[in-house]
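# Remarks on the overall topology
Chain residues, written in single-letter form:
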Amino acid sequence: MFDVIIVGAGAAGCSAAVTARMRNLDVMVVFSGDGAMRKAHWVDNYPGLPHIEGHELVTKMRAHVETMGVKMLYGLVQKILPMGRSFSVLVDNDIYESRSILLACGTSRVKTLGGEEALLGQGVSYCATCDGMFYKGKEIIVVGAGAEAIEEANYLAEIARVTYFSESRHDLAGLDAAITVVSEKPKAIKRENTGMILETDKGTHTADGVFVFRPSVAMTQLLPEVAVEGGSVKVDKIMATNISGVFAAGDMTGQPLQAAKAVGEGNVAALSIASYVKGLKDGAK
Ligand SMILES: Cc1cc2nc3c(=O)[nH]c(=O)nc-3n(C[C@H](O)[C@H](O)[C@H](O)COP(=O)(O)OP(=O)(O)OC[C@H]3O[C@@H](n4cnc5c(N)ncnc54)[C@H](O)[C@@H]3O)c2cc1C
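A brief report on the enclosed structure follows. (Residues numbered from 1 in each chain as written. Predicted model: local features only at pLDDT ≥ 70, side-chain atom pairs only at ≥ 80, totals over all residues. Heavy atoms only, no water.)

Our focus in this paragraph is the environment of serine 168. The residue serine 168 is located in the loop between strand S11 (161-166) and strand S12 (180-182) in this model. The exposure class assigned to serine 168 is partly exposed, which follows from its relative accessible area of 32%. Put simply, serine 168 and arginine 214 are 46 residues apart on the chain and 9.6 Å apart in space, counted from C-alpha to C-alpha. In this view, serine 168 contacts Gly144 and Ala145; residues no more than four positions away in its chain are not counted. Of the polar contacts made by the side chain of serine 168, one reaches the backbone oxygen of alanine 145; its length is 3.0 Å. (Helix = DSSP H or I, 4+ residues; strand = E, 2+ residues; numbered from the N terminus. Buried < 20%, exposed > 50% of the residue type's maximum accessible area, 1.4 Å probe, protein only. Contact = heavy atoms within 4.5 Å. Polar contact = N/O pair within 3.5 Å; in protein donor to acceptor, adjacent residues only side chain to side chain.)

See below:
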């Protein structure tokens, strides 16, 4: 049981992890990528580090977290389940328990395909390791939205015949030669007697299963109970959401989308979490 699981290792998540460790909390950070900062060519407004490349700044932040004894886990958080006084967190196909949660997932607004969420677990999967073997020797459609999808598609190609569709522009150079790439824009997923159907801007494609790989998960799937306003997670002054034990920080709480704001909110959230966890533990005595 962790005191806090932080979802995201960008500016907000790293800042929160450092402060949470300094308050002696048992912390795990789960992250699926480098976040927005990796895309910033130069950052000129981060105090103390003038004119630094975005990827260097996030690398320095992550190294700082690692030196503090924080468990860093590379993976995609698929779902967070409130369990009363704790939370179960599904990371790929493993479950972790925590007393509190910090959402620090950045701005990524995930737009799912039509029918995708309703068919999750019924022909649609987000996890190659968990579900790939069900399709041994069969036809799989992969919808990929970033570099992370390449590795997953290649793994599936060892098991089944894979056809790959890009949801957003990314480098396909690393795809296994056995994978068929179709340059059509995915629109919706349906299930019919003949199998799973992917509708694109140009037609339809049939397979036994559809795997969707994005670097983030829609809030409606991740934690549907959390209140969202104007596309941002609603928080109060201590970065608490409407769910007891769930806090949020950084770009996901809205403007300004800036590293220094994300770091500040991560710091406030970590202190609030320390006080929340202390309250839980004192109450249990
Ligand atoms: C091109 C560009 C230039 C920029 N220039 C500047 C600048 O000059 N100055 C400045 O202050 N700011 C700049 N920014 C903004 C800055 O990068 C962001 O404000 C900052 O990175 C926000 O930090 P964050 O922690 O909220 O989110 P992010 O840094 O985006 O981190 C989000 C983290 O959440 C993870 N994640 C998301 N969903 C999941 C999930 N389901 N499971 C596991 N992990 C998940 C991601 O992998 C990532 O680790 C720029 C942004 C861009 C895109």
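The rest of the description comes next.
By the definition in use, this model includes 1 cavity of 30 Å³ or more. Approximately 80 Å³ is the volume found for the largest cavity. Lining the largest cavity are 13 residues, and of these Tyr126, Arg214, Ser216, Val217 and Gln221 lie nearest its centre. Here the lining of the largest cavity is built from residues that sort into 6 nonpolar, 4 polar and 3 charged. (1 Å grid on protein atoms, 1.4 Å probe; cavity = no way out; pocket = protein on both sides within 12 Å on 5 of 7 lines; lining within 4 Å. Points joined across faces, edges and corners; volume = space filled by probe spheres on them. Nonpolar A, V, L, I, M, F, W, Y, C, P; charged D, E, K, R; others polar.)

This next bit is on the pairing of strand S16 (residues 209-213). Counting buried residues along S16, 5 of its 5 residues qualify, which places the element largely inside the surrounding structure. Burial of S16 is two-sided: the residues Gly209, Phe211 and Phe213 facing one way and the residues Val210 and Val212 facing the other way are all buried. Looking at chain direction, strand S9 (residues 124-125) and S16 are connected through 2 bridges and run parallel. Along S16, the bridge assignment pairs valine 124 with valine 210. Strand direction decides the pairing type here: strand S10 (residues 139-144) and S16, joined by 5 bridges, are parallel. Each residue of the ladder has a partner; that of isoleucine 140, found in S16, is glycine 209. (Pairing = 2+ DSSP bridges.)

The next subject is the environment of threonine 204. Of note, threonine 204 is situated in strand S15 (residues 204-207). Residues threonine 204 and proline 186, 18 residues apart in the sequence, show an inter-C-alpha distance of 9.3 Å. Residues within four places of threonine 204 in sequence aside, it is in contact with Ile197, Leu198 and Glu199.

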